[in-house]
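What follows is each chain in one-letter form.
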Amino acid sequence: MRAIGHIAVNVFRESVRDKVLYSIVAFAVMLIAVSYLLAQLTAGQDLKIIKDLGLASIATFGLLMAIFIGIGLVWKEVERRSIYGLLTKPIRRWEFILGKYVGLVLTLLVNVAVMTAAFYAVLAYQGWGVDELARRAWPAPPMDPALLSAIALILVELMLVTGIALFFSTFSGPFLSAVLTLGLWVIGHFNTDLRNFENVVESRAAAWLARGLYYALPNFDTFDIKAQVVQGQHVAASYIALSVLYGMVYPALVLTGAVAIFSRRDFK
Amino acid sequence: MDAIRTEALTKHFTVGFWRPRPYLALEALTLQIGHGEVFGFLGPNGAGKTTTLKLLMQLIYPTSGHAEILGRPVGDVEVKRRIGYLPENPYFYDYLTAEELLEYFSALFGHSAAERRRRASALLDEVGIGAERRLQLRKFSKGMLQRVGIAQALINDPEVVFFDEPMSGLDPLGRRHIRELILRLRDRGCTVFFSSHVLSDAEALCSRVAILANGRLVSQGALSEILAVTIRGWELVVSGLTETALAHAQSSAGIRGATRLGPERYALELPMTVPPEHLLAKLVAAGATLVSLNPLHDTLEDFFVRQVAAAPEERGLESTRG
Ligand SMILES: Nc1ncnc2c1ncn2[C@@H]1O[C@H](COP(=O)(O)OP(=O)(O)OP(=O)(O)O)[C@@H](O)[C@H]1O
Ligand SMILES: [Mg+2]
């Protein structure tokens with residue numbers, strides 16, 4: 001177990017020293033800052049625009065990071081054969097996979113925290129010195145704590161994406177892994193349509209297939225409460241809790257699969 | 001109990017995409033290596049040395065057969081705790097410094113922070129990495145990486161070490177350092193298993209060797225045994241020997257060959273079965289003087305070339321099966 005911690009810390013260290021990652025975070029922070037300027041162009045909608053853009057930036061750049069690092073984590077070690085030195089130390093293969101996963105989640109956590117800080121800084125600036133009348137026109141306060149629940153679910157979504165990227169990277173190259181992960185992510189956002197599929201088709205078999213896929217494929221829509229939060233609508237705590245649970249169980253299953261494949265494979 | 005034991009260890013790779021067929025990388029290797037031995041694993045390129053080492057490290061799984069280290073199956077975490085491994089052409093992490101890499105690996109053995117620093121710096125001293133230890137490994141040359149690879153293999157004071165071509169990429173001084181290091185390991189009671197195709201390394205270091213060719217074990221044993229049975233004979237160098245005296249000696253004494261080195265100076269070769277004293281007495285009587293007398297040993301190199309040439313070449317399985 002101790003090994004998992006050391007491996008995770010090393011993943012974090014690797015990403016901290018990666019210039020590409022810096023550029024992604026810097027770009028995200030810049031975009032969040034620019035949302036303030038955009039907001040000034042649209043009277044009345046200013047706060048909504050900042051929130052929409054901020055949350056979208058965190059989600060998108062988080063996704064970019066999760067895929068960009070996730071697909072290379074295992075593959076790079078195997079391809080460059082640094083894994084020879086590591087796996088002959090007293091660790092088990094599942095500890096390696098779990099360590100990599102935890103390390104990447106840790107990295108994402110820190111980066112999302114940085115983006116969130118930038119986001120709140122812009123919101124605070126926007127809300128500064130606004131009079132009571134204008135304040136009342138907003139559906140939600142600028143530094144609404146509910147935003148944090150939206151961000152938390154983004155993070156949970158990223159944990160799922162990371163698990164999937166890691167799974168693919170245990171047996172395929174980075175390009176294929178990226179395509180497959182992104183593909184699943186896109187499909188996972190239209191998952192609800194699969195559910196409705198059975199209402200529009202005649203065929204029994206097709207309906208069953210659609211239903212099976214609906215349960216098997218990840219459902220990324222679950223994690224998207226951005227719109228509700230920005231509108232100031234209440235999101236039930238039970239919904240959030242259930243989504244978090246889903247976001248824990250699914251990666252656990254995916255990682256089990258990754259370990260099963262990884263434990264049996266030869267390193268060329 | 002042996003330090004290392006393999007039983008009919010076999011690895012077939014599947015090659016060919018359209019018509020996959022097995023390719024024999026290692027066939028039924030059975031070896032026993034005792035504690036404290038320095039064992040040389042020799043063979044030409046593609047013989048299956050690296051394949052064997054990777055099987056012992058469980059980086060690949062055998063097609064059939066079995067291997068044990070220190071009485072436990074390979075891949076066991078308890079085994080990994082007590083061994084060290086230098087991969088062929090080692091590569092580690094670009095973004096770590098040599099120091100950080102060793103401390104990271106040391107941490108995986110559960111060493112305390114102070115202990116990690118102590119071990120890392122002592123080992124880097126031992127393999128001759130100086131101030132460069134603070135550089136990221138991406139800036140390391142091949143030979144420097146090789147040294148870091150050797151250092152990381154020793155981070156846990158292993159009882160058994162596996163070196164895949166430890167001398168590769170090293171300069172002459174570096175090779176000598178590593179030779180001395182292997183001897184120091186032996187003196188500490190460490191079992192050393194190393195692969196090489198540099199025979200002089202094996203001659204200088206090993207108590208026993210195995211020779212592998214085309215995935216099959218062709219010979220194994222103590223170097224002295226392997227070489228003792230192949231003493232070729234004697235070589236006499238004499239001067240002041242006239243051609244008539246030479247012709248006379250050649251007709252009677254069973255000389256296998258004579259090479260003219262200069263005026264009245266010859267190197268004469270005698271088979272093992274003929275004691276050189278008689279011939280020598282004759283030649284001296286004919287007015288010649290002895291310059292040197294040497295036993296003709298077969299070198300490991302001669303032996304190696306012969307063994308490898310005799311090894312069966314077939315590595316596909318189709319013909320052996322039917
Ligand atoms: N992943 C693989 N797939 C297919 N064939 C392989 C694979 N790995 C090794 N081989 C084959 O197995 C044989 C043995 O290779 P191995 O690397 O063990 O040789 P070696 O004795 O270490 O050679 P060298 O002295 O060049 O390092 C080679 O013919 C090689 O082509
Ligand atoms: Mg090799």
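To be clear, the structure that these remarks concern was listed above.
Quick look at the overall build of chain A
Here's step 1: Looking only at helices and strands, chain A has 12 helices and zero strands in total.
Here's step 2: Listed N to C, the secondary structure of chain A is α-α-α-α-α-α-α-α-α-α-α-α in terms of helices and strands.
Here's step 3: The principal-axis extents of the C-alpha atoms in chain A amount to approximately 65 × 55 × 30 Å.
Here's step 4: A burial count over chain A gives 48% of its 268 residues as buried.
Here's step 5: Residue pairs at least 24 apart in sequence account for 81% of intrachain contacts in chain A once pairs closer than 6 positions are excluded.
Here's step 6: Of the accessible surface of chain A, which amounts to about 12800 Å², a share of 71% is contributed by carbon and sulfur atoms.
Here's step 7: Of the side-chain charges in chain A, 22 are positive and 17 negative, and the distance between the mean point of each set is 12 Å.

A short note on the pairing of strand 3 (residues 38–42) of chain B
All names here are of chain B.
Here's step 1: Among the five residues that make up strand 3, five are buried, leaving the element largely enclosed by the rest of the structure.
Here's step 2: Across five bridges, strand 3 lies against strand 8 (residues 191–196) in parallel orientation. Considered in strand 8, the bridge of Leu 42 is made with Ser 196.
Here's step 3: Both strand 3 and strand 9 (residues 208–213) contribute to a ladder of four bridges, which runs parallel. Looking across to strand 9, one finds that Leu 42 is bridged to Ile 211.

Overview of the site of ligand 1
Here's step 1: The local shell around ligand 1 holds 16 residues, among which B:Gly46, B:Lys49, B:Thr50, B:Thr51 and B:Glu88 are the closest.
Here's step 2: More than a single chain frames ligand 1: its nearby residues are located in chains A and B.
Here's step 3: Here an oxygen atom of ligand 1 and a side-chain polar atom of B:Lys49 are 2.7 Å apart.
Here's step 4: Take B:His197: an N or O atom from its side chain is 3.5 Å from an oxygen atom of ligand 1.

Notes on the interface of chain A and chain B
Bring the parts together and some accessible area is lost; that lost area is often taken as the interface size.
Here's step 1: Each side of the interface is counted separately: chain A has 29 residues, and chain B has 31 residues.
Here's step 2: Buried surface at the junction of chain A and chain B, summed over both partners, amounts to about 2800 Å²; 55% is from carbon and sulfur atoms.
Here's step 3: We note a salt bridge from B:Glu100 to A:Arg17, for which the minimum N-O separation is 2.8 Å.
Here's step 4: Where chain A meets chain B, there are 15 residue pairs in polar contact (both at pLDDT 80 or more).
Here's step 5: Those elements that provide at least two residues to the side of chain A that touches chain B are helix 1 (2–16), helix 3 (46–80), helix 4 (83–87) and helix 12 (237–264) of chain A.
Here's step 6: Ranked by the residues each element gives to the side of chain A that touches chain B, the list is headed by helix 1 of chain A, at seven residues.
Here's step 7: Considering only residue class, the side of chain A that touches chain B consists of nine nonpolar, six polar and 14 charged.

Notes on the layout of surface pockets
Here's step 1: In this structure, the largest pocket encloses a volume near 490 Å³.
Here's step 2: Lining the largest pocket are 23 residues, and of these A:Glu14, A:Asp18, A:Lys76, A:Arg80 and B:Tyr95 sit closest to its centre.
Here's step 3: When contributions to the lining of the largest pocket are tallied by element, the ones reaching two or more residues are helix 1 and helix 3 of chain A.
Here's step 4: Among the elements that take part in the lining of the largest pocket, helix 3 of chain A stands out by supplying nine residues, more than any other.

What to know about the coordination of the magnesium ion (ligand 2)
Angles at a metal have ideal values that depend on geometry: 109.5 degrees with four tetrahedral donors, 90 or 180 degrees with six octahedral donors.
Here's step 1: Summarising the metal site, the magnesium ion (ligand 2) is bound by the protein donors B:Thr50 (OG1) and B:Glu88 (OE), whose distances to it range over 1.9 to 2.4 Å. Placement of B:Thr50 in helix 1 (residues 49–56) and of B:Glu88 in the loop between strand 6 (83–86) and helix 3 (98–108) is noted, with a sequence separation of 38 residues between them.

Side note on the side chain of B:Asn156
Residues and elements named next belong to chain B.
Here's step 1: Residue position: Asn 156 is located in the loop between helix 5 (142–153) and strand 7 (160–164).
Here's step 2: According to the relative accessible area criterion, Asn 156 is buried, its value standing at 10%.
Here's step 3: Within the structure, Asn 156 has its side chain in polar contact with the backbone oxygen of Arg 81 (distance 2.8 Å).

Rules behind the numbers
Residues numbered from 1 in each chain as written. Chains lettered and ligands numbered in written order. Predicted model: local features only at pLDDT ≥ 70, side-chain atom pairs only at ≥ 80, totals over all residues. Heavy atoms only, no water. Helix = DSSP H or I, 4+ residues; strand = E, 2+ residues; numbered from the N terminus. Buried < 20%, exposed > 50% of the residue type's maximum accessible area, 1.4 Å probe, protein only. Contact = heavy atoms within 4.5 Å. Areas by Shrake-Rupley, 256 points an atom, 1.4 Å probe, with all protein chains shown as cover. Lys, Arg positive; Asp, Glu negative; His and termini not counted. Charge placed at Lys NZ, Arg CZ, Asp CG, Glu CD. Pairing = 2+ DSSP bridges. Near = heavy atom within 4 Å. Polar contact = N/O pair within 3.5 Å; in protein donor to acceptor, adjacent residues only side chain to side chain. Buried area = accessible area lost by both parts, 1.4 Å probe. Salt bridge = Lys/Arg side-chain N within 4 Å of Asp/Glu carboxyl O. Nonpolar A, V, L, I, M, F, W, Y, C, P; charged D, E, K, R; others polar. 1 Å grid on protein atoms, 1.4 Å probe; cavity = no way out; pocket = protein on both sides within 12 Å on 5 of 7 lines; lining within 4 Å. Points joined across faces, edges and corners; volume = space filled by probe spheres on them. Donors = N, O, S within 2.8 Å, 3.2 Å for Na, K, Ca; no water.

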